[in-house]
Amino acid sequence: MSGSFYFVIVGHHDHPVFEMEFLPAGKPESKDHHHHLNQFLAHAALDHIDENMWLSDNMYLKTVDKFNEWLVSAFVTAEHMRCIILHETRKKKNFFTGFYDLYRKFAMNPFYEAISPIPSNAFDRKVQFLGKKHLLS
Amino acid sequence: MDAPEAPLPPVIYTMENKPIVTCAGDQNLFTSIYPTLSQQLPREPMEWRRSYGRAPKMIHLESNFVQFKEELLPKDGNKALLTFPFLHIYWTECCDTEVYKATVKDDLTKWQNVLKAHSSVDWLIVVVENDAKKKNKTNILPRTSIVDKIRNDFCNKQSDRCVVLSDPLKDSSRTQESWNAFLTKLRTSLLMSFTKNLGKFEDDMRTLREKRTEPGWSFCDYFMVQEELAFVFEMLQQFEDALVQYDELDALFSQYVVNFGAGDGANWLTFFCQPVKSWNGLILRKPIDMEKRELIQRQEATLLDLRSYLFSRQCTLLLFLQRPWEVAQRALELLHGCVQELKLLEVSVPPGALDCWVFLSCLEVLQRIEGCCDRAQIDSNIAHTVGLWSYATEKLKSLGYLCGLVSEKGPNSEDLNRIVDLLAGLGAERPETANTAQSPYKKLKEALSSVEAFEKHYLDLSHAAIEMHTSIGRLRSAKFVGKDLAEFYMRKKSPQKAEVYLQGALKNYLAEGWALPITHTRKQLAECQKHLGQTENYLQTSSLLASDHHLTEDERKHFCREILSFASRQTDSPGQKIVLPLHCFAQLRDLHFTPSNAVVHVGGVLSVEITLCSQMPMPVHVEQVAINVHFSIEKNNYRKTAEWLTKHKTSNGTINFPTETSPLPVPQNNLPALELYEMFERSPSDNSLNTTGIICKNVHMLLRRQESSTSLETSSGVALEDGAHVLKCSGVTLEPGANRITFRTQAREPGTYTLRQLCASVGPVRFVLPHLYPPVQYDVYSQEPQLRVEPLADSLLAGIPQKVKFTVTTGHYTVKNGDSLQLSNAEAMLILCHAENRAVIYSNTRAPVTGGESSVLGMTESHGKHKDTQKAGQCMATTDHKVSIDCPWSIYSTVIALTFSVPFRTTHSLLSAGTRKYIQVCVQNLSELDFELSDGHLVDPDSNADLRLVPLNAKSPQHIHSKQSVFFVWELKWTREPPPSLRCRFSVGSSPASGGRLSIPLKPYTYEFRVENFFTLYNVRAEILPPSGTEHCRTGSLCSLEVSITRLSDLLEVDKDEALTESDEYFSTKLMYEVVDNSSNWAVCGKSSGVISMPVAARATHRVHMEVMPLFAGYLPLPDVRLFKYLPHHSAHSSQLDADSWIESDGLSVDKHVDEQPDGGGGGRCRGSAHLASGGEHRGLPMPRLQALPPGQVFNASVGTQVLVIPSKDDHVLEVSVT
């Protein structure tokens, strides 16, 4: 599982709006045993994010929670969409910055109903690209 | 502090350390001053200006004063800062020049040389002046001279290096002043020394750090150097700065590890990669863990040693800084960090070792914090510590799983070996905790010692963690721990304890729509429910899991089989039903009615086709799929459905059901929106704004406790409806994915049928969709066949053939070949059937029915129209004729009334010319049609031979136009005395003028009437004669009116009434005459009426003379002379009339009521009844009655006669009347 990342955007009703896993190139997807763990951790981390976001002026909340080798970093957008990355090392600020840029543009799409699940393939691809650029490189 | 004589301990690494100041010179003097000095020095803070832009600090200085020894001075290369003497002070009391020259100067020089040799420049010479001594020695030099000498000899431009302290032991202001000056100087010197020496040290340290890329650089060496600095800061009580040193070391090391992970390894780091052999956790109870420090110093420390030592130092400093919560926070980071670093460095760690280390460390940190905070503080800072609690829990759990302490059977030998190994790695308990009952070491050892102990400790920790999470509102984290706890309980075979945690967690995940946790928790819950024997819940969970796409195919099939095997197993115990919600088994996608408008007539067939999307991973045989239908009788249901259809009907009659995208997104608890209001509070005096704010008005709604909402996944309480109306489909195998199921039903009772529940039965298991939404209905209408008969024109006319339309609305009845309508008509109405008379069936879009006789359209018809022709028979004006029709669909006859209007109105009148009589019949055409009249006859049905009716008519046929009249006249002749009344029947053939040839003869139009008293009894003749002597009448002059009434016949039958009196063998009757001029041409002068006794004998004549005066000139018609029968009052004829018919001769007014309207009934009976209506003022008196003579009995011979009246000559006034 090492070297992979799990990214999730959590909407206002605490439900996942967008999810993506980044796996290092070349590494085959390991046993899908961990998929649910990702969600478990991201979900539990919401408690911490909800506390931390009021303590900071920044959108980027750094590491808000840890679980075993996992670090949970969060970023809260202006409209309080909580973005969470599960990772093992290093800070993920650049990814978040890039992502926020992308998300803002997406959220302004009049056909996108705010905080609803994001079904866009284009968005998917772009996030994938960001992940490759900032997380996996 | 210690007396200078006391032997100096080698190095004391505690905060008891103080910067060293050496004292040379007069030791006795110093000893006497020392108490005051050590007391005064820290009293006032001093500002310490820092290098490198660091903020200046106020610092309280303390010092450890030691006797000067050359050994104390650091040799070159010795970087030990703690033992570094920062200041050297030479004390002297000398006030005698001789003494100075003899001893003190030499001593000072020697001291200075030593200092110079060690290039120590931080020194101070203190000259203590004592007044007492001065007094004793008279040859004393002014004191300045000694000081000056010293300054001159040693201070060399640094005169301030020599300080004078006057009378230090006295209590005078001078002494105080002198002390202050000295202390300031001392402090300044010390700080300067600090600044200089520390600065130099830092520079060296930095230089060393810069060399870290060089081979052979050792982190441990550098660590010791920087720690030295930290020690000094700590010594100076600059904990912040000390902490910075450790943090820098921490960061440096971390960076190296990260770089190592990135492939940039440093040689020295490989040392830290040695396998972990000891995992005894953090030690935080000692300020400095010398053991570990020595390991680092010897470069033998492992990564865990280094980290433990580093953290223990950070912890110590943080606690000095009163920041215990940061300790907790940093501890959590450290513990995670270490685990990561070991992984990055690929250090081999025995399984469980790290868990032990983390567990011990967590508890150690927690106990350390608890040791320095009170309960209240701890309780209010749970947020900081709970992470450690749950981490410890987590680690203990994994230890338990690792060592077989969670399994049912307890640890096996392999597990036991592992436990022994793990305990060995802990080493012996450290002396500082050996006496503590609850030390982390003891806890861990105990927990690993037995299954029971483990359980106790694990439960304690878990519950503590859950409680803490919950208390600070971290419900999700609490659920997460709870889920682990549930797993533990499941392992311990206590599913009943596990259930509550699993349900709690599941509820939370469902509410927030996290799919994978839902699946995972459900899987656990399924197992739990299975163990608990909660069949219904287990089946429900199984069905949810079987339809869960997050599971593998095999897992889904497993759960599907669980359901099926349960279903097949239970078949032998009937009656028990398990009701489960359908949506997890299959989803209803759409529904389609045939006919598509979902409206059928009674007896019709309705089919409902549904698409059921099976969520199961494999084909499932369903014994029965049933749709429960609610039946309601509603008026106008047909129309309602049509309305509904136009609103809801999708194209082609398909109803789509919204797909439940289970389990995402889950409906959220619908919290009301914030209701925020601005609030301004102004001061009452000047209306200035005092406070402003925002108020939330629905706080009570928003802050309501959410927990107690109903569980999202209890056994749903789906009620199985048992209705009489059910659509069923048996033996269906549902393949995974979409399945089409068709239900057929024959509509029975009319009404609205609402599809309510969909239920699929698999053995005793019922999958129920409790409500179909959007609502689906079909309607059954019962339209009984109806027959309507209506004329083609506006109305039916009697007497002529007309067409009538028969409309048969078949309703649900199917017209079969050979069906016929049997008409039973009244005699007066003929039904004309033409040869081509066949029902024509007009197809009218509806459902197929077999056709009628003439043409079969292949479609059954509900509203065909059958046309028949019919002749309406003769009848009177607007009457109804009933037709009874036997229809094939009913055993009863349908009776229909047809209304006919008579087109003609016929009147008759009797005309007289003397005694000759004529009968006139007037036929008036009231209809819109033109008619031909032919063969007008008037006959006496009694065939009275004495009477003859002589026609005086034009030749027939006669054309009678719409709204016009035709007259027929007959002369009535008789040979003998005519009867008092005569019955007549008028008949005339009529046929529509435009209506072609008719195949049948039409019955003539007849009119019967009766003529009475047609024989003339009296002849009345009036004559106006001009006044005698004049040729013409003149206006205004009286003329005479001669009226002669002549009896024309002898006594007849008609005369026999009350007025007839018999005397002297002849009969007489009483008549009243009256002269009336309605046109006011004449003024009747005198009596205008009178009663006469008229003999009943032929040619009896009565003459009346009266005077009249013409009022106008011209040809004036004569005034009317009316004749009445004068009946005695006692007549029983009509007592009512008696009362009203008082007659006065004068002003007699007579209303003659002769019924002139044609009598509707009975053939023209002419009732001669008339009465006079008087003014009615005189009542109660018996009055004679007047009876008008029938018109046939009186002949007015002078009717139409005119008299020429000429205007009088003396007319002066011309009257013009304009009307």
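Everything that follows concerns the structure shown earlier in this document.
Within any chain, residue numbers begin from 1 and follow the written order of that chain's sequence. Both sets of labels track the order of writing: A upward for chains, 1 upward for ligands. Restriction of local features to residues with pLDDT of at least 70 applies here, the model being predicted, together with a cutoff of 80 or more for giving and counting side-chain atom pairs; totals for whole chains, interfaces and linings are based on all residues. Heavy atoms throughout the structure, all of them, feed into the side-chain values; hydrogens and water do not.

**Overview of the overall build of chain B**
Moving on, step 1. By the criteria applied, helices consist of DSSP H or I runs no shorter than four residues and strands consist of E runs no shorter than two, each listed in order from the N terminus. Along the backbone of chain B there are 25 helices and 48 strands.
Moving on, step 2. The buried label applies to any residue whose accessible area, calculated with a 1.4 Å probe on protein chains only, is under 20% of its type's maximum; exposed applies above 50%, and partly exposed to all values in between. When each of the 1219 residues of chain B is scored for burial, the buried share is 46%.
Moving on, step 3. Residues count as neighbours in contact if any of their non-hydrogen atoms are within 4.5 Å of one another. Put simply, of all contacts in chain B between residues at least 6 apart along the chain, 73% involve residues at least 24 apart.
Moving on, step 4. Note on areas: Shrake-Rupley with a 1.4 Å probe; residue coverage comes only from the protein chains shown. With the model as given, the accessible surface of chain B reaches about 60,200 Å², and the carbon-plus-sulfur share is 51%.

**Some points on the overall build of chain A**
Moving on, step 1. Assigned secondary structure in chain A consists of three helices and five strands.
Moving on, step 2. For chain A, the α and β elements follow one another from N to C terminus as β-β-α-β-β-β-α-α.
Moving on, step 3. Within chain A, the fraction of its 137 residues that count as buried is 53%.
Moving on, step 4. Residue pairs in contact within chain A that sit at least 24 positions apart in sequence constitute 53% of those at least 6 positions apart.
Moving on, step 5. For chain A, the accessible surface area stands at approximately 6,500 Å², while carbon and sulfur atoms represent 54% of it.

**Re the pairing of strand 15 (residues 689-696) of chain B**
Residues and elements named next belong to chain B.
Moving on, step 1. When strand 14 (residues 676-682) meets strand 15, the two strands line up antiparallel, connected through seven bridges. Bridge pairing links M679 to G693 in strand 15.
Moving on, step 2. Strand pairing is defined by DSSP finding a minimum of two bridges between the two strands. Joining the antiparallel neighbours strand 14 and strand 15 is a turn of six residues, in which N687 adopts a positive phi near 60°.

**A look at the side chain of R307(B)**
Moving on, step 1. Turning to its location among the elements, R307(B) is positioned in helix 10 (residues 303-320).
Moving on, step 2. With residues up to four places along the chain from it excluded, the contact list for R307(B) reads D250(B), F253(B), S254(B), L334(B), C338(B) and E341(B).

**Here's the deal with the pairing of strand 18 (residues 751-762) of chain B**
All names here are of chain B.
Moving on, step 1. The buried count for strand 18 comes to eleven of twelve residues, which makes it a mostly enclosed element.
Moving on, step 2. As paired elements, strand 12 (residues 620-632) and strand 18 share nine bridges and run antiparallel to each other. The residue bridging I627 from the neighbouring strand is L758, located in strand 18.
Moving on, step 3. Judged from the five bridges that link them, strand 18 and strand 20 (residues 776-781) form a sheet pairing that is antiparallel. Each residue of the ladder has a partner; that of T754, found in strand 20, is Q777.
Moving on, step 4. Here strand 18 pairs with strand 19 (residues 765-769) via five bridges, running antiparallel. Bridge pairing in strand 19 places A760 opposite F767.
Moving on, step 5. Two successive antiparallel strands, strand 18 and strand 19, enclose a turn made up of two residues, where G763 displays a positive phi of approximately 60°.

**Overview of unusual backbone geometry**
All names here are of chain B.
Moving on, step 1. With an omega dihedral of 0°, the bond running from T594 to P595 counts as a cis peptide bond.
Moving on, step 2. Tracing the backbone shows P595 in the loop between strand 9 (586-594) and strand 10 (599-601).
Moving on, step 3. The phi torsion at Q299 lies on the positive side, around 60°, for a residue other than glycine.
Moving on, step 4. The residue Q299 is located in the loop between helix 9 (290-297) and helix 10 in this model.
Moving on, step 5. Look at D935: it is not a glycine, yet its phi comes out positive at around 55°.
Moving on, step 6. The topology assignment puts D935 in strand 30 (residues 931-939).

**Some thoughts on the pattern of salt bridges**
Moving on, step 1. By definition here, a salt bridge exists when the distance from a side-chain nitrogen of Lys or Arg to a carboxyl oxygen of Asp or Glu is within 4 Å. Within this structure, the stated rule accounts for 44 salt bridges over all chains.
Moving on, step 2. Taking the shortest distance from any N to any O, the salt bridge between R307(B) and D250(B) comes out at 2.5 Å. Within this pair, whereas R307(B) is found in helix 10, its partner D250(B) is found in helix 7 (residues 239-261), the two being separated by 57 residues in sequence. D250(B) matches R307(B) in its accessibility class, with the two residues each being buried.
Moving on, step 3. One connected set of salt bridges, linked through shared partners, spans D14(A), D47(A), D50(A), R82(A), R476(B) and E512(B).

**Quick look at the interface of chain A and chain B**
Moving on, step 1. In this complex, chain A contributes 27 residues to the contact, which on the side of chain B involves 28 residues.
Moving on, step 2. A 1.4 Å probe defines the accessible area here, and the buried area is the portion of it lost by two parts on being joined, summed over both. Each partner contributes to the roughly 2,600 Å² buried at the junction of chain A and chain B, and carbon and sulfur atoms together form 60% of this total.
Moving on, step 3. For the pair chain A and chain B, the number of links is four salt bridges.
Moving on, step 4. The closest approach of N and O atoms between E51(A) and R474(B), which form a salt bridge, is 2.6 Å.
Moving on, step 5. Each polar contact in these results corresponds to two N or O atoms within 3.5 Å; when the atoms are within protein, one needs to be able to donate a hydrogen and the other to accept it, and residues that are neighboring in sequence are counted only if both atoms are side-chain atoms. The interface formed by chain A and chain B holds eleven residue pairs in polar contact (both at pLDDT 80 or more) in total.
Moving on, step 6. Counting only elements with at least two residues in the side of chain A that touches chain B, the list comes to strand 1 (5-10), helix 1 (33-52) and strand 3 (60-67) of chain A.
Moving on, step 7. Here the side of chain A that touches chain B is composed, by residue class, of eleven nonpolar, nine polar and seven charged. Gly falls in the polar group here, along with every residue not listed as nonpolar (Ala, Val, Leu, Ile, Met, Phe, Trp, Tyr, Cys, Pro) or charged (Asp, Glu, Lys, Arg).

**Considerations on the sheet that holds strand 38 (residues 1039-1047) of chain B**
Residue and element names in this part refer to chain B.
Moving on, step 1. Pairing is mixed in the open sheet, where five strands are placed in the order 41-43-38-36-47. Either end of the sheet is taken by a strand with one partner, and the two such strands are strand 41 (1082-1085) and strand 47 (1194-1196). Along the sheet, successive strands turn relative to each other by an average axial angle of 30°, direction set aside.
Moving on, step 2. Pairing between strand 36 (residues 1018-1025) and strand 47: three bridges, direction parallel. Bridge pairing in strand 47 links Y1018 to V1194. To obtain an axis, a line is fitted to C-alpha atoms, over the contacting stretch when the element is a helix, and the angle between two such axes runs from 0 to 180 degrees between their N-to-C directions.

**Notes on the environment of R756(B)**
Moving on, step 1. Position of R756(B) among the secondary structure elements: in strand 18.
Moving on, step 2. Separated by 20 residues in sequence, R756(B) and V776(B) place their C-alpha atoms 7.9 Å apart.

**Structural notes on the sheet that holds strand 48 (residues 1202-1206) of chain B**
Moving on, step 1. Taking strand neighbours across the sheet as the criterion, the three strands line up as 37-48-44 (chain B) in an open arrangement whose pairing is mixed. With partners counted over all chains shown, the strands left at the sheet margins are strand 37 (1033-1034) and strand 44 (1114-1117) of chain B, one partner each.

**Here we look at the packing of helix 15 (residues 413-426) of chain B against helix 16 (residues 440-449) of chain B**
Residues and elements named next belong to chain B.
Moving on, step 1. With their axes 11 Å apart at the nearest point, helix 15 and helix 16 run at an angle of 170° to one another. Considering their axes alone, helix 15 and helix 16 lie roughly antiparallel with respect to each other. Taken together, the residues of helix 16 that come into contact with helix 15 (itself represented by I419, L423 and L426) are Y441, L444, K445 and L448. Should an angle fall under 35 degrees it is taken as roughly parallel, and over 145 as roughly antiparallel, whereas 65 to 115 is taken as roughly perpendicular and any remaining angle as oblique.

**Let's talk about a nonpolar patch on the surface**
All names here are of chain B.
Moving on, step 1. Each patch is built from salt-bridge-free residues with over 30% relative accessible area, joining like charges within 9 Å and nonpolar side chains (Val, Leu, Ile, Met, Phe, Trp, Tyr) within 5 Å. Taken together, the side chains of L674, L676 and I694 define a hydrophobic patch exposed on the protein surface, amounting to about 330 Å² of accessible area.
Moving on, step 2. Relative to the helices and strands, L674 is located in the loop between strand 13 (654-656) and strand 14.
Moving on, step 3. Overall, the relative accessible area of 55% leaves L674 in the exposed class.

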